[in-house]
Amino acid sequence: MPDYAILGAHEGSAPESPAGTLYPPGLMSPRPSALITGITGQDGSYLAEFLLEKGYDVHGVVRRSSTEKFDRIEHLRDRVTLHQADLLDHRSLVDALRAARPDEIYNLAAMSFVAVSWIQPTLTAEFTGLGVTRMLEAMREVCRDARFYQASSSEMFGKVREVPQNEHTPFYPRSPYGVAKAYGHFITVNYRESYDLHASSGILFNHESPRRGLEFVTRKITWHAAAIKLGLVDKLPLGNLDAERDWGYAKDYVEAMWMMLQRDSPDDYVVATGTAHSVRDCVEIAFDQAGLEIAHHVEIDESLKRPAEVDHLIGDASKARRELGWEPRTSFEELIRLMVDADHELLRGGGQAATAQLSRTRSEAKPDWA
Ligand code: NAP
Ligand code: GDD
């Protein structure tokens, strides 16, 4: 049985009220509070919804941009508190934590697109690697009794040392992103051991949804299947059709993040479905859902192939199942079909979002290694 604590009422955390009144140790604040970095991303938006449903006071970190990109949390805007901060800026992280006084911190912000990590390797290391140290340092300074979740990745396994991969499988990252995530993982483990922080690392395998960025392969495929069906585009350019991943549903995966922070002791967990599918499988299901013939529309674009690929990424989530009681609930086929339906609905409705997406896919920047 999972040993969930009462919502966010972590022993000894003694959160302060917004007015600055300290609650006595062991006595919980009226509502548990959580801060999410990367709240505007796919996972951040699902996690925010999940925590709001659980009664949390939800805070999110957003970075300044000349155009607001809050589409995924638009429906939550009046229910979450947003703080301006950036993983590159320690001061802003400290201020966000001081204002939010979280019981739980979910560090989801990162440069998360693997292909771009070859184009911007140094920036990726700054955001995705060193950014974790900045968050942990800010936490030590402001709320060392809070609980910390680090969004680690199966990409760290890269050139895999065993199949399937579990918490003890050695890392062999194959992209600047994977290398940065390995740093983020180990600094989380190190701060847990050095400073006795409640810091956990979730080694999550790929997880997708209708809110996935259009540059990731599943969403690219489901969006194009819907757009071709509606006559908006005709071709779907893809790279390596034989690449395989262990793909799950993001909505299922954010629950595992929360479950990790309800444990008395921090730890590391692999979260995965245990089944792999190829990019080709994904196209077949998506095109079947849209009633399309693959041969008429899919074309291989060599520039979309990567300088180095990861092999046989399949996760063994038995520890998460055993200790957290976590199970994936959505099959790969259900996931891809629901994503095609959601994209069809979105594009059929037209509107600004769909038009903006269309122009974005047309102007997709090509990597310079091609
Ligand atoms: P995502 O949709 O790309 O979202 C990334 C988020 O990070 C966005 O909110 C982005 O903000 C924010 N961000 C990026 N750089 C930042 C910075 N310097 N300061 C503050 N915020 C910054 O990613 P996701 O799919 O939700 O993934 C969430 C996390 O899980 C990431 O760390 C990712 O690497 C990791 N992960 C994902 C998967 C997966 O399959 N989805 C698997 C394993 C691990 P903007 O909106 O301003 O860009
Ligand atoms: N993006 C993309 N576009 N990928 C393609 C394409 C294409 O046109 N054609 C084939 N692929 C292949 C890639 O080469 C890769 O092997 C696979 O599809 C999946 O690519 P992505 O969807 O971009 O995801 P990813 O596995 O590289 O990274 C995602 O999962 C990681 C977990 O392992 C991201 O969410 C990372 O942030 C996450 O850590």
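Residues numbered from 1 in each chain as written. Chains lettered and ligands numbered in written order. Predicted model: local features only at pLDDT ≥ 70, side-chain atom pairs only at ≥ 80, totals over all residues.

A.B. asks: So, the overall build of the protein chain: which residues are in play, and what are the values?
C.D. replies: When you go through the protein chain residue by residue, the secondary structure sums to ten helices and 13 strands. Intrachain contacts of the protein chain at a sequence separation of at least 6 include 77% that bridge at least 24 residues. (Helix = DSSP H or I, 4+ residues; strand = E, 2+ residues; numbered from the N terminus. Contact = placed C-beta atoms within 7 Å.)

A.B. asks: Mind laying out the environment of Pro237, listing which residues take part and the relevant values?
C.D. replies: Its place among the elements puts Pro237 in strand β8 (residues 236-238). The exposure class of Pro237 is partly exposed, given the 16 C-beta atoms found within 10 Å. A sequence separation of 13 residues divides Pro237 from His224, and the C-alpha atoms of the two residues are 9.4 Å apart. (Buried ≥ 20, exposed ≤ 12 C-beta atoms within 10 Å, placed from the backbone.)

A.B. asks: Could you give me a rundown of the sheet that holds strand β1 (residues 33-37), with the residues and numbers involved?
C.D. replies: Each strand in a sheet pairs with another by means of backbone hydrogen bonds, the pair being arranged parallel or else antiparallel. Read across the sheet, seven strands follow the order β3-β2-β1-β4-β5-β6-β11 without closing on themselves; strand pairing throughout is parallel. Where the open sheet ends on each side, the last strands, each with one partner, are β3 (80-84) and β11 (268-271). Strand-to-strand twist across the sheet, computed as the mean angle between neighbouring axes with direction ignored, equals 20 degrees. Of the pairings in the sheet, the one linking β1 to strand β2 (residues 57-62) comprises five bridges and is parallel in character. (Pairing = 2+ DSSP bridges. Axes fitted to C-alpha atoms, helices over the stretch in contact; angles between N-to-C directions.)

A.B. asks: Residues and numbers for the site of ligand 1, please.
C.D. replies: Taken together, the neighbourhood of ligand 1 is formed by 26 residues, with Gly38, Gly41, Ala109, Ala110 and Ala151 sitting nearest. Among the elements that line the shell around ligand 1, the one with the most residues is helix α1 (residues 42-53), at three residues. Looking at the shell around ligand 1, its residues break down into ten nonpolar, twelve polar and four charged. (Near = placed C-beta within 6 Å. Nonpolar A, V, L, I, M, F, W, Y, C, P; charged D, E, K, R; others polar.)

A.B. asks: I'd like a rundown of the pairing of strand β6 (residues 198-204), residues and numbers included.
C.D. replies: Burial analysis of β6 places seven of its seven residues in the buried class, which makes it a mostly covered element. On β6, burial covers both faces: His198, Ser200, Gly202 and Leu204 on one face and Ala199, Ser201 and Ile203 on the other are all buried. Direction of pairing for strand β5 (residues 147-153) relative to β6: parallel, over a ladder of seven bridges. When the bridges of β6 are listed, Phe148 appears paired with Ala199. With respect to chirality, the unit in which β5 leads through helix α4 (residues 176-195) into the neighbouring parallel β6 is right-handed. (Right-handed = clockwise from strand over helix to strand, strands pointing away.)

A.B. asks: Hey, could you go over the site of ligand 2 for me, with residue numbers and the actual values?
C.D. replies: Around ligand 2 lies a shell of 21 residues, among which Val114, Ser153, Val217, Gly239 and Ala243 are the nearest. Partitioned by chemical class, the residues of the shell around ligand 2 number nine nonpolar, six polar and six charged.

A.B. asks: Tell me about α4, residues and numbers included.
C.D. replies: For α4, spanning 20 residues, the distance from its first C-alpha to its last is 28 Å, which sits close to the expected 28 Å at 1.5 Å a residue. Just downstream of α4, Asp196 is the residue with a positive phi angle, here 60 degrees. (Expected span 1.5 Å × (residues − 1).)

A.B. asks: If you had to explain unusual backbone geometry to someone new, which residues and values would you point to?
C.D. replies: The peptide bond linking Val163 to Pro164 adopts the cis configuration, its omega dihedral lying at -5 degrees. Within the element layout of this structure, Pro164 appears in the loop between β5 and α4. Even without glycine at this site, Arg101 takes up a positive phi of about 45 degrees. Tracing the backbone shows Arg101 in the loop between α2 (90-100) and β4 (104-107). Since 20 C-beta atoms lie within 10 Å of it, Arg101 is described here as buried. Of note in this structure, Asp196 is not a glycine but carries a positive phi near 60 degrees. When you line up the elements, Asp196 lands in the loop between α4 and β6.

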